[in-house]
Amino acid sequence: MAEFRRAGDEQVNVFEIDETYLFKHYFDGEDVFDRLKRYYNNQQYRFEVPVGAFEDLRSFLAEHGYGLVVVDAVAEFAVVVKKYTQHPENIFKGSVIHRSVDGYNAFLMTDQAAVDRATREGAIRLTNTGLENPF
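Note that the structure is a prediction, hence the values are computed from the model and not measured.

### A short note on the pattern of salt bridges
Opposite charge on two side chains lets them pair, provided their charged atoms get close.
Link 1 in the chain: Within the structure shown, the criterion is met by 6 salt bridges.
Link 2 in the chain: Salt-bridge contacts for arginine 46 lead to glutamate 48; the nearest nitrogen and oxygen are separated by 2.7 Å.
Link 3 in the chain: Take glutamate 48: its relative accessible area is 24%, and that puts it in the partly exposed class.
Link 4 in the chain: Note that arginine 58 is salt-bridged to glutamate 55, the shortest N-O span being 3.3 Å. Placement of the pair is arginine 58 and glutamate 55 together in helix α2 (residues 51–63), with a separation of 3 residues, close to one helical turn.
Link 5 in the chain: Residue arginine 58 is classed as buried on the basis of its relative accessible area, which comes to 12%.

Now the structure itself:
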């Protein structure tokens, strides 16, 4: 999963969902965002990079101190909340994508810290349920 990174690189988790690489992160520098803005979905507040453009973008970001790490164990970053119940505060902000599965809303979180926050506020790790992984 993790690749070698230079000291000082900032790790950004990336998830391959439906043949698109998804991630959320705040990037410093106008030149960096200028390169990324065509991939930014401002309604979902995330970057959506087609498979064919990913390696070039990954190299560009590595040159600017960002290490994109493709997460293989996607289910480890997913939490669920029963539909029509109160969601943990800021779960949408800490998630990359959400989908429905068997009466639950499933959220794919940006990192393990976001998973931990969500579970402390009442969400359940997907891996602790018998639910199918919707991602």
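### Overview of the packing of aromatic side chains
Link 1 in the chain: Inspection of the entire model under this criterion finds 10 aromatic pairs.
Link 2 in the chain: When the centroid spacing of 4.7 Å and the interplanar angle of 75° are considered together, the rings of phenylalanine 27 and tyrosine 66 count as edge-to-face. With phenylalanine 27 in the loop between β2 (20–23) and α1 (30–36) and tyrosine 66 in strand β5 (residues 66–70), the pair connects residues that are 39 residues apart, well separated along the chain.
Link 3 in the chain: Under the relative-accessibility criterion, phenylalanine 27 is labelled buried at 4%.

### Quick notes on the confidence of the model for the protein chain
Link 1 in the chain: Of the residues in the protein chain, 94% reach a pLDDT of 70 or more, and the chain-wide mean stands at 92.
Link 2 in the chain: Throughout residues 1–5 the model reports pLDDT below 50, and contacts reaching past four residues in sequence, or to other chains, amount to 8 contacts.

### Side note on α2
Link 1 in the chain: Listed in full, the buried residues belonging to α2 are Ala53, Phe54, Leu57, Arg58, Phe60 and Leu61.
Link 2 in the chain: In this fold, the buried residues of α2 make contact with β1 (10–17), β2, α1, β4 (46–50) and β5.
Link 3 in the chain: One or two positions beyond α2, positive phi appears at glycine 65, with a value near 90°.

### Side note on the environment of valine 14
Link 1 in the chain: When you line up the elements, valine 14 lands in strand β1.
Link 2 in the chain: Residue classification places valine 14 among the buried positions, given a relative accessible area of 0%.
Link 3 in the chain: Between the C-alpha atom of valine 14 and that of valine 96, which follows or precedes it by 82 residues, the distance is 9.2 Å.
Link 4 in the chain: Not counting the four nearest positions on each side in its chain, valine 14 is found in contact with Tyr21, Leu22, Phe23, Phe54, Leu68, Val69, Val70 and Val71.

### Let's talk about unusual backbone geometry
Link 1 in the chain: Despite not being glycine, tyrosine 45 shows a phi value in the positive range, around 55°.
Link 2 in the chain: Its location among the elements puts tyrosine 45 in the loop between β3 (40–41) and β4.
Link 3 in the chain: Judged by its relative accessible area of 56%, tyrosine 45 is exposed.
Link 4 in the chain: Positive phi is not limited to glycine here, since asparagine 90 has a value of about 65°.
Link 5 in the chain: Summarising the element assignment, asparagine 90 is placed in the loop between β6 (78–82) and β7 (95–101).

About the criteria used
- All chains use their own residue numbering, which begins from 1 and follows the written sequence.
- Local features in this predicted model are restricted to residues of pLDDT 70 or higher, and side-chain atom pairs are both shown and tallied only at a pLDDT of 80 or more, whereas totals for entire chains, interfaces and linings draw on every residue.
- Each side-chain value is derived from all of the structure's non-hydrogen atoms; neither hydrogens nor water enter the calculation.
- We define a salt bridge as a contact between a side-chain nitrogen of Lys or Arg and a carboxyl oxygen of Asp or Glu at a distance within 4 Å.
- Burial classification: accessible surface area is computed with a 1.4 Å probe over protein chains only, and a residue below 20% of its type maximum counts as buried, one above 50% as exposed, and the rest as partly exposed.
- Under the scheme used here, helices are H or I runs from DSSP no shorter than 4 residues and strands are E runs no shorter than 2 residues, and both carry numbers assigned from the N terminus.
- Classification of ring pairs rests on two measures: the distance between centres of Phe, Tyr or Trp rings, Trp counted by its six-membered ring, which must be within 6.5 Å, and the angle between planes, read as stacked under 30 degrees, edge-to-face over 60 and tilted in between.
- Looking at any residue, its pLDDT shows the predictor's confidence there, from 0 to 100.
- Throughout, a contact is declared for two residues whenever any of their heavy atoms are within 4.5 Å.

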